[in-house]
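The primary structure of each chain is shown beneath.
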Amino acid sequence: MKSYNIAVIGGDGTGPEVVREAIKVLDAAAAKFGIKLNYVHYDFGGERYLRTGEVLPDSAIDELRKFNSILLGAIGHPQVKPGILEKGILLRIRFELEQYINLRPVRLYDERFCPIKDKKPEDVDFVVVRENNEGLYTGAGGFVFKGTPHEVAVQESINTRRGVERCIRYAFEYARKRHADKPWRGLKPEDIKAGKRAQVTLVGKTNVLTYAFDLWERVFHEVGERDYPDIKRDYAHVDATCMWFVKNPEWFDVIVTDNMFGDIITDLGAIIQGGMGIAAGGNINPQGTSMFEPIGGSAPKYTGQNKINPLAAICAGAMMLEHLGETRAALAVENAVARVVREKLKSLAAGQMGYTTTEVGDLVAAAVQT
Ligand code: IPM
Ligand code: MN
């Protein structure tokens, strides 16, 4: 029996509650498909920090490296100054484990939950490949004359040839694979016959950020032309992209962009797919240990109330299965989520689903088994 070791970081707020439901569903899928998942739980997060003053113990990173994957709930605590936990836990893991891709599918399961008029599931079905180790997130920069009237704050965007190229290559590879092994997603065989091709859209700001996105644009076309001639290349400015996410989300297939723009547009993406209750993502190191998480945050006001939607965490679990190579199990979880969303839920919002957090987990686990 294939067996995988999973590090679980429930984290803050509603993180532990949603991760519990994800594990319930993962175990149902594991039983059905004959695999074994071994979990080791870690208590990293705000409570531990307030208790001990420690954000991540020094040994943590090397310990996490040894797992097949990491499942994360949420990081962010109302009593801890913003930045400490985010940088000290989430970003530190992303950087030190070289999870250089943040993969965020935007998929609408049911048109009732799309805030855009007349958009159907086939219209909202794309993937954002967000660079996850560079850009404005590296912490490069600093203050000069801090606290004086002459204060200067500099926050630099770091874009390396290597970092940009590996991200762009990942996006092209993903675009190829997306249509090859998931015919029910995106392009259908008849679309491909009709001449439609997989497409990668570079999202940037070449009209203003003329250094950073000049590099991105050159690498995009160079690599695309040479190694991925089968994939259509497109470009959109980030501001226009926000408009098109709302007006014509069906235009997008795979998007590749830098860390900051990827952060921003995926919140918009989450809303058009039905909200934070359903949006999942993966922090991926294709050669190392990856980490999967719901992208919505810790939702402190719902902590412990059994009201939060666990589907985003469950979808993160499905992404983890897919990444581990358990494609059939991943598909079973995703299809179970789709069925529960369409057939049972009144809403995807916390407290309005018509079911509690644990009940939604039970429904999906049962749907996986049938
Ligand atoms: C996300 C979050 C994080 C980010 C925060 C919590 C640091 O917003 O995963 O999108 O900006 O990447
Ligand atoms: Mn974000």
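Note that this is a predicted model, so its numbers are computed, not measured. (Residues numbered from 1 in each chain as written. Chains lettered and ligands numbered in written order. Predicted model: local features only at pLDDT ≥ 70, side-chain atom pairs only at ≥ 80, totals over all residues. Heavy atoms only, no water.)

1. A word on the domain arrangement of the protein
Looking at the protein, the domain boundaries give domain 1 (1-99 + 280-370) and domain 2 (115-272). Placing the centre of domain 1 and that of domain 2 at their C-alpha centroids yields a distance of 24 Å. Counting residues at the interface gives 12 residues for domain 1 and 13 residues for domain 2. Of the roughly 1100 Å² buried at the junction of domain 1 and domain 2 (both faces included), carbon and sulfur atoms supply 46%. The shortest N-O distance in the salt bridge between Glu98 and Arg166 comes to 2.8 Å. Across the contact surface, domain 1 and domain 2 share six residue pairs in polar contact (both at pLDDT 80 or more). The set of elements that each furnish at least two residues to the side of domain 1 that touches domain 2 consists of helix H4 (84-96), strand S11 (280-284) and helix H11 (327-343). Among the elements that line the side of domain 1 that touches domain 2, the one with the most residues is H4, at three residues. Across the side of domain 1 that touches domain 2, the residue classes break down as six nonpolar, two polar and four charged. (Domains from an automatic or database assignment. Contact = heavy atoms within 4.5 Å. Buried area = accessible area lost by both parts, 1.4 Å probe. Salt bridge = Lys/Arg side-chain N within 4 Å of Asp/Glu carboxyl O. Polar contact = N/O pair within 3.5 Å; in protein donor to acceptor, adjacent residues only side chain to side chain. Helix = DSSP H or I, 4+ residues; strand = E, 2+ residues; numbered from the N terminus. Nonpolar A, V, L, I, M, F, W, Y, C, P; charged D, E, K, R; others polar.)

2. A look at a nonpolar patch on the surface
A cluster of nonpolar side chains, contributed by Val144, Phe145, Val152 and Val154, occupies part of the molecular surface with about 320 Å² of accessible area. Among the structural elements, Val144 can be located in strand S6 (residues 141-144). (Patch = residues over 30% accessible without salt bridge, like charges linked within 9 Å, V, L, I, M, F, W, Y side chains within 5 Å. Areas by Shrake-Rupley, 256 points an atom, 1.4 Å probe, with all protein chains shown as cover.)

3. Observations concerning the environment of Lys81
In this fold, Lys81 is placed in the loop between strand S3 (69-74) and H4. With a relative accessible area of 63%, Lys81 lands in the exposed category. Sequence-wise, Lys81 and Gly46 are 35 residues apart; in three dimensions their C-alpha atoms are separated by 10.0 Å. (Buried < 20%, exposed > 50% of the residue type's maximum accessible area, 1.4 Å probe, protein only.)

4. A few points about unusual backbone geometry
We note that Glu98 has phi near 50°; this positive angle belongs to a residue other than glycine. Given the relative accessible area of 33%, Glu98 is considered partly exposed. Even without glycine at this site, Phe145 takes up a positive phi of about 55°. Tracing the sequence through the fold places Phe145 in the loop between S6 and strand S7 (152-155).

5. Notes on the pattern of salt bridges
Charged atoms that come close allow side chains of opposite charge to pair. This structure, assessed with the given rule, holds 26 salt bridges. Between Lys24 and Asp362 there is a salt bridge, with the nearest N and O atoms lying 2.7 Å from each other. Taken together, the positions of Lys24 in helix H1 (residues 15-33) and Asp362 in helix H12 (residues 357-369) put the pair 338 residues apart, joining distant regions of the chain. Judged by relative accessible area, which is 40%, Asp362 ranks as partly exposed. In this structure, Arg48 and Glu54 form a salt bridge, with 2.7 Å as the shortest nitrogen-oxygen distance. The structure contains a network of salt bridges with shared partners spanning Arg161, Glu165, Arg169, Glu222, Arg226 and Asp227.

6. Describing the packing of aromatic side chains
Under the counting rule described, the total for this entry stands at 11 aromatic pairs. Taking the centre distance of 5.5 Å and the plane angle of 55° together, the rings of Trp244 and Trp251 count as tilted. Using a relative accessible area of 25% as the deciding quantity, one classes Trp244 as partly exposed. The class for Trp251 is partly exposed, based on a relative accessible area of 47%. (Phe/Tyr/Trp six-rings, centres within 6.5 Å; stacked < 30°, edge-to-face > 60°.)

7. A word on the site of ligand 1
Close to ligand 1 lie Glu86, Leu90, Arg94, Arg104, Arg130, Tyr137 and Asp263, which account for all nearby residues. Here ligand 1, which alone exposes 320 Å², has 75% of that area covered by the protein. No other element matches H4, which puts three residues into the shell around ligand 1. Residue classes in the shell around ligand 1 are distributed as two nonpolar, no polar and five charged. Both of domain 1 (1-99 + 280-370) and domain 2 (115-272) provide at least three residues apiece to the shell around ligand 1. (Near = heavy atom within 4 Å.)

8. Side note on helix H10 (residues 311-323)
Look at H10: 18 Å from first C-alpha to last across 13 residues, which is about the 18 Å you get at 1.5 Å a residue. With 11 of 13 residues buried, H10 is to be regarded as a mostly interior element. Those residues of H10 that fall on the buried side of the exposure criterion are Leu311, Ala312, Ala313, Ile314, Cys315, Ala316, Gly317, Ala318, Met319, Met320 and Leu321. Once H10 finishes, Gly325 follows within two positions and takes phi at roughly 95°, a positive value. (Expected span 1.5 Å × (residues − 1).)

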